[in-house]
Amino acid sequence: MQRVKRDDRARLEQRNRRLRRALVCAAALPAVLITAACSSDSGDSKPKSGSTSASSPAGDSAAPSASSSPAVAPAAYRTLPDACKALSKKTLGDMVPKADSSGKKGSSDEPSSRGSCSWSSLSNNGVKGSQFRWLNISLLRFDSDATRGAANTQAHEYFANQVKDAQSVSGAKNAKVAAVSGTGDEATSVRYDLQKKEGLFKQETLVARVENVVVTLDFNGAGLAGDKTPDADDLATSAQKALKEAVNSVSAANSGSGSGSSSGSPSGSPSTKPSGKPSPSASAKKS
């Protein structure tokens with residue numbers, strides 16, 4: 001069991017390093033780009049006509065300046081819920097029954113732009129073995145930016161990349177991809193089996209986009225030390241219910257402050273992976 005946890009931590013740290021590299025690149029953007037983004041969002045980017053002074057000759061007035069960049073639609077959502085509180089205690093009790101409901105928060109969380117939380121559970125069934133469960137939620141919010149474009153467009157591109165990554169896990173077997181209805185603006189599930197030394201793991205990776213926020217949920221389970229392999233359909237049902245709950249928590253977190261306007265400053269360049277502890281779906285590539 002300790003070996004499973006060590007492997008997970010090593011793989012998750014690898015994904016965190018990729019995130020940090022992406023954030024360093026984002027930080028290198030010139031300050032003038034951020035200034036341009038703020039000006040665009042404030043609606044004050046319209047050029048003012050030049051005026052002719054009394055001493056200027058006729059017909060020599062200054063021409064109006066051209067707009068530096070087209071306006072982009074403001075971000076709908078300005079904040080994120082606490083990832084560790086995105087799911088109810090009942091949901092956590094059903095999915096990871098032996099886990100601490102407070103969860104383990106991601107080390108690189110930023111409340112308004114990215115967050116993650118994970119839970120692990122090991123139910124000991126004596127001579128029959130044990131049931132292992134691991135659950136992770138990652139949230140990433142995008143802001144509209146004059147350089148990178150509309151927040152929803154950025155979020156859609158990141159959503160598509162997350163789904164693609166989930167389908168490219170090394171060693172995955174019996175992969176199935178399906179759309180998930182009634183959850184956010186778009187949602188997809190990726191299911192597969194992954195054989196490890198400890199046993200056969202059943203993996204569910206679900207990705208949803210709601211406006212300018214992307215929610216990634218990873219849920220896997222295995223029967224260890226001779227216990228039976230969990231039913232993939234049962235895992236999928238629980239994961240889809242949890243995904244919808246997490247998406248609703250994003251909307252609820254923004255209902256008080258209202259939507260339709262951005263926070264004024266970019267939340268950062270989209271990383272190639274969500275912040276915090278990553279899902280086994282991507283880290284398993286080197287398992």
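Residues numbered from 1 in each chain as written. Predicted model: local features only at pLDDT ≥ 70, side-chain atom pairs only at ≥ 80, totals over all residues. Heavy atoms only, no water.

Participant: Run through the overall build of the protein chain, naming residues and quoting values.
Facilitator: The helix and strand tally for the protein chain stands at six helices and seven strands. Beginning at the N terminus, the succession of helices and strands in the protein chain can be written as α-α-α-β-β-β-α-β-β-β-β-α-α. Per-residue burial over the protein chain gives 46% buried out of 287 residues. A sequence separation of at least 24 residues applies to 68% of the contacts in the protein chain between residues at least 6 apart. Total accessible area on the protein chain stands at roughly 13900 Å², and carbon and sulfur atoms take up 51% of it. (Helix = DSSP H or I, 4+ residues; strand = E, 2+ residues; numbered from the N terminus. Buried < 20%, exposed > 50% of the residue type's maximum accessible area, 1.4 Å probe, protein only. Contact = heavy atoms within 4.5 Å. Areas by Shrake-Rupley, 256 points an atom, 1.4 Å probe, with all protein chains shown as cover.)

Participant: I'd love a proper account of the state of the cysteines, names of residues and values included.
Facilitator: Taken as a whole and judged by the stated rule, the model has one disulfide. Through a disulfide, Cys84 is tied to Cys117; the S-S separation comes to 2.0 Å. On the sign convention where negative means left-handed, the S-S torsion of about 95° between Cys84 and Cys117 marks this disulfide as right-handed. Linking Cys84 in the loop between α2 (31–42) and α3 (89–95) with Cys117 in strand β2 (residues 114–124), this pair joins segments that are 33 residues apart in sequence. Across the pair, Cys117 and Cys84 agree in class, each one buried. (Disulfide = S-S within 2.5 Å.)

Participant: Can you break down the nonpolar core residue by residue, with the values?
Facilitator: Nonpolar side chains in soluble globular proteins generally cluster together in the buried interior. One finds Leu135, Ile137, Val215 and Leu217 to be the most contacted residues of the largest nonpolar core, which totals 29 residues. At the level of elements, α3, β2, β3 (130–141), β6 (199–210), β7 (213–224) and α5 (232–255) are the ones that each hand at least two residues to this core. Top element by residues in this core is α5. It accounts for seven residues. Look past the residues within four positions of Val215 in its chain and what remains in contact with it is Ile137, Ser138, Leu139, Leu206, Val207, Ala208, Leu243, Ala246, Val247 and Val250. Within the second largest apolar cluster, 15 residues are counted, among which are Ala75, Val169, Leu194 and Val214. (Core = buried A, V, L, I, M, F, W, Y, C linked by side-chain atoms within 4.5 Å.)

Participant: Can you tell me about the pairing of strand β5 (residues 186–196), naming the residues and giving the values?
Facilitator: The buried fraction of β5 is high, at 10 of 11 residues. Note that strand β4 (residues 173–179) and β5 share five bridges and pair antiparallel. Paired with Ala178 across the two strands is Ser189, which belongs to β5. Hairpin connection between β4 and β5: a loop of six residues separates the two successive antiparallel strands, and Gly182 in this loop has a positive phi of roughly 70°. Counting the residues in the hairpin turn of β5 and β6 gives two residues. (Pairing = 2+ DSSP bridges.)

Participant: Report on the pairing of β2, specifying residues and quantitative values.
Facilitator: For β2, a buried count of eight out of 11 residues is recorded, marking the element as mostly surrounded by other parts of the structure. Relative to β2, strand β1 (residues 104–105) runs antiparallel, the two being bridged by two bridges. Bridge pairing links Lys104 to Ser118 in β2. As paired elements, β2 and β3 share 11 bridges and run antiparallel to each other. Note that in β3 the partner of Ser118 across the bridge is Asn136.

Participant: Give a detailed account of helix α4 (residues 151–166), specifying residues and quantitative values.
Facilitator: The periodicity of an α-helix, 3.6 residues per turn, causes residues three or four places apart in sequence to face the same way. With 16 residues, α4 extends 23 Å between its outermost C-alpha atoms, agreeing within 8% with the 22 Å of an ideal straight helix rising 1.5 Å per residue. For α4, the complete set of buried residues consists of Ala151, Gln154, Ala155, Tyr158, Phe159, Gln162, Val163, Asp165 and Ala166. (Expected span 1.5 Å × (residues − 1).)

In short, shape yes, function no, at least from these values alone.
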